[in-house]
Amino acid sequence: MRAAVYFKHGKPEDVLQAVDVAEPGGPGRGEVLVRVLLRPVHHGDLLGVAGRYQPGTVPPEDGVRVGFEGYGIVEQAGDGVALAPGTRIAFFPGRGAWSEKVVVPADFVTEIPDSVTDEAAAQLHVNPLTTALLVRAVEASGAKPGRDAVVLTAAGSAVARLTIGLLLDRGYDVVGVVRREAGVNELNVVFPDLPVVSTNESDWQKRVLSAADGRPVGVVLDPVGGETASMAAGLLSHGGSLISYGDLSGQPISIPALHFSTRDIRISGVTVGRWAELSPETRKSDIKLALELAAGKPELFPVQKTFDLAEVGKAAAFVETPGKTGTVLLSSR
């Protein structure tokens, strides 16, 4: 079978390749053998390929198989698993998801109802689950609907769009921040009444505060880091929180020390990489939410482009395309 593998860290488009590898053995007890049909290419996956998570480490000689999220059909279920062959499922986390077949724990497999499309099913976990983590972080920060504004940078991203939708449903006042003027119009197609500001404007911080309409900025949700996060943190009111969930810029966040001592600014972060450690009850609730979103709001699961698994390098490069508004998928149908 084919699998996306890298043998050394580097630019993902240069080091990723689809190679022939041995098929996995049959599933053990509590496991499922899945024929994977679609899998999303997340920026977080590419950070691992580039070696950003563990600088200085060297991949093993036989390479590293990439990916943790995918959609496909059950080929075989292990003992104790009530899933028939041919059942449509999505999974996360499951190592080596960018392979044509993979064995994953049944605890992290979600059966897909007919109301959810294949493309939405392929995106069912990482983005919606990150959204659930972010919404809980906003609620835990003390920010209140109707009182505090929540600002999202990179507001045109898939995660941000899902998060905006949930925050609006919960009564929060939301302001989106994008890096291109065209991104303002693109986001307003989905959320016509959402105030959106472009960082191309020299006075974008003032525009965000104006869009907040007098409400204090209680939370900034940021996957960018660098200058964008640093400047957005300056918008926070007393006791406000910067919640980081990514590092698109690759640059450090720089915040004046007095922001902490005189304004009680707080920084925290969330990662879907720890979602599997949550209680079964919380995970079940999050999956229920993800399925409701996928079935009821398919417009929040757009696909920008689908590449064959053999084109994994091209897919990785395309993920960095400016103005991309949908998810990039890898197919092995």
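Keep in mind it's a predicted model, so treat the numbers as computed, not measured. (Residues numbered from 1 in each chain as written. Predicted model: local features only at pLDDT ≥ 70, side-chain atom pairs only at ≥ 80, totals over all residues. Heavy atoms only, no water.)

Colleague: Which residues make up the sheet that holds strand E9 (residues 149-152), and what are the values?
Modeller: One open sheet accounts for six strands, arranged E11-E10-E9-E12-E13-E14; its pairing is parallel. The open sheet is flanked by strand E11 (196-198) and strand E14 (266-269), the only strands paired with a single partner. Strand-to-strand, the axes of this sheet are offset by a mean angle of 20 degrees, without reference to chain direction. As paired elements, E9 and strand E12 (residues 217-222) share four bridges and run parallel to each other. Within E12, the residue paired with Val150 across the bridge is Val219. (Pairing = 2+ DSSP bridges. Helix = DSSP H or I, 4+ residues; strand = E, 2+ residues; numbered from the N terminus. Axes fitted to C-alpha atoms, helices over the stretch in contact; angles between N-to-C directions.)

Colleague: Explain the side chain of Ser198 to me, and be specific about the residues and the numbers.
Modeller: Residue placement: Ser198 occurs in strand E11. One polar contact links the side chain of Ser198 to the main-chain amide nitrogen of Asn200, over a distance of 3.1 Å. If sequence neighbours within four positions are ignored, Ser198 has contacts with Val178, Arg179, Arg180, Glu181, Val184 and Trp204. (Polar contact = N/O pair within 3.5 Å; in protein donor to acceptor, adjacent residues only side chain to side chain. Contact = heavy atoms within 4.5 Å.)

Colleague: How would you summarise the packing of helix H4 (residues 126-141) against helix H10 (residues 280-296) if you had to cite specific residues and measurements?
Modeller: Two elements in contact, H4 and H10, have axes separated by 9 Å at closest approach and are oriented at 115 degrees. As for how H4 packs across H10, the hand of that crossing is right-handed. Contacts from Pro128, Leu129, Ala132 and Arg136 in H4 reach Thr282, Asp286, Ile287, Leu289 and Ala290 in H10. Tallied by class, the residues present in the contact of H4 with H10 amount to six nonpolar, one polar and two charged. (Left-handed = near helix turned anticlockwise from the far one by under 90°. Nonpolar A, V, L, I, M, F, W, Y, C, P; charged D, E, K, R; others polar.)

Colleague: Describe helix H6 (residues 181-190), with residues and values.
Modeller: Listed as buried for H6 are Gly183, Val184 and Leu187. Looking straight down H6, one finds that the buried residues subtend no more than 110 degrees of arc, so they occupy a single side. Counted as exposed and oriented over 90 degrees from the buried face of H6: Asn185 and Val189. Check the buried side of H6 and you find it contacts helix H5 (158-169), strand E10 (173-178) and E11. (Buried < 20%, exposed > 50% of the residue type's maximum accessible area, 1.4 Å probe, protein only. Arc of directions from axis to C-beta.)

Colleague: So what's going on with the pattern of salt bridges? Which residues, and what values?
Modeller: What the rule picks out here adds up to 20 salt bridges. A salt bridge links Arg35 to Glu75, with the shortest nitrogen-to-oxygen separation between them at 3.4 Å. Here Arg35 is found in strand E3 (residues 31-40), whereas its partner Glu75 is found in strand E5 (residues 70-77), with 40 residues between them in sequence. Ionic pairing is found between Arg266 and Asp264, a salt bridge with its closest N-O pair at 2.7 Å. Its relative accessible area of 42% is what places Arg266 among the partly exposed residues. You can call Asp264 partly exposed: its relative accessible area is 29%. What emerges from the salt-bridge pattern is a single network uniting Glu23, Arg35, Glu75 and Lys101. (Salt bridge = Lys/Arg side-chain N within 4 Å of Asp/Glu carboxyl O.)

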